[in-house]
Amino acid sequence: MKYSDEIQKLLPLGYIYLVVLGILKESCFYYQFGINILKYSTIMDILISPIADFMSNPITLVTILLIFTFHIYLPKILLKYNHKKSVQKLFKLKPTDELSEQEKTNYYNTLTLKLLASVLLYFFVGTGIGNGHFALERVKNDTAQYNSKLNYTTGESEQIFLLGCNSLYYFYIQKGTKIIKITPLASIKNIESNLKTGFVSK
């Protein structure tokens, strides 16, 4: 079987894995605020979660691209430098002297996929936990910037600290309180945000 055929077979499984990581990341973030995000998410929110995470900001996008690029070339690097003790120790390589070139290639491809899966798991879960922790600390310490303004269809408005949103709801904390609010998008006319913070009006 050609290597390209193997990759094509792995792509659906890879995307499912990314979807699971997206769910874990969102769950880790919102759980710290007492929100079960799955109760407020649609199937579409779940399916596009990997793309949404990749495009969330330039730093995340560049980091993900670098991770994937490195792991694409990693099997060739291991095959070329597997004799070096530093490489053997770093990647915990088993002896491959008795293996054929094809067996070596398969071994390094499998090792790379496992490593990639682990790196992505740590990245997504770590990002979710870290972002949630720092956001929660800002709220607790009264250092959160309430730089977004929700304008309701009723004509009312309120200044908020926006935690996030999906296709159905906004998740935020109203200025002057530490109460988490979940509001349907249908009741929101628009949201105004300070461009200096990285948010834009919707």
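Calculation notes
- Residues numbered from 1 in each chain as written.
- Predicted model: local features only at pLDDT ≥ 70, side-chain atom pairs only at ≥ 80, totals over all residues.
- Heavy atoms only, no water.
- Helix = DSSP H or I, 4+ residues; strand = E, 2+ residues; numbered from the N terminus.
- Buried < 20%, exposed > 50% of the residue type's maximum accessible area, 1.4 Å probe, protein only.
- Polar contact = N/O pair within 3.5 Å; in protein donor to acceptor, adjacent residues only side chain to side chain.
- Contact = heavy atoms within 4.5 Å.
- Pairing = 2+ DSSP bridges.
- Axes fitted to C-alpha atoms, helices over the stretch in contact; angles between N-to-C directions.
- Parallel < 35°, antiparallel > 145°, perpendicular 65-115°, else oblique.
- Left-handed = near helix turned anticlockwise from the far one by under 90°.
- Nonpolar A, V, L, I, M, F, W, Y, C, P; charged D, E, K, R; others polar.
- Phe/Tyr/Trp six-rings, centres within 6.5 Å; stacked < 30°, edge-to-face > 60°.

Undergrad: Where do I start with the side chain of serine 49 in this structure?
TA: Tracing the chain through its elements places serine 49 in helix H3 (residues 49-54). Judged by its relative accessible area of 9%, serine 49 is buried. One polar contact links the side chain of serine 49 to the main-chain carbonyl oxygen of isoleucine 46, over a distance of 2.7 Å. If near-sequence neighbours (up to four positions away) are discounted, serine 49 is found in contact with Val19, Gly22 and Ile23.

Undergrad: Sorry if this is basic, but what is going on with the sheet that holds strand S2 (residues 157-165) here?
TA: Across the sheet, 5 strands lie side by side as S4-S3-S2-S1-S5; this open sheet has antiparallel pairing. In the strand order of this sheet, the two ends are held by strand S4 (180-184) and strand S5 (188-193), each with one partner. Adjacent strand axes in the sheet meet at a mean angle of 45°, parallel and antiparallel pairs treated alike. Judged from the 4 bridges that link them, strand S1 (residues 148-152) and S2 form a sheet pairing that is antiparallel. For lysine 149, the partnering residue across the bridge sits in S2 and is glutamine 159.

Undergrad: Just checking my understanding: could you explain the packing of helix H4 (residues 58-81) against helix H6 (residues 101-140) for this structure?
TA: When two helices pack together, their arrangement is given by the angle between the helix axes and by the axis-to-axis distance. Their axes nearest at 8 Å, the elements H4 and H6 cross at an angle of 160°. Relative to H6, the element H4 lies roughly antiparallel. Note that H4 runs across H6; the crossing there is right-handed. Among the residues making up the contact of H4 with H6, the classes are represented as 15 nonpolar, 6 polar and 2 charged.

Undergrad: Mind showing me how you'd approach the packing of aromatic side chains here?
TA: The relation between two aromatic rings is expressed through the spacing of the ring centres and the mutual angle of the planes. The tally for this structure, following the rule as stated, stands at 10 aromatic pairs. Between the aromatic rings of tyrosine 146 and phenylalanine 161, the centroid separation amounts to 6.1 Å while the plane-to-plane angle is 65°, which identifies the pairing as edge-to-face. One end of the pair, tyrosine 146, is in the loop between H6 and S1; the other, phenylalanine 161, is in strand S2, with 15 residues separating them in the sequence. Summarising the burial analysis for this pair, tyrosine 146 and phenylalanine 161 share the class buried.

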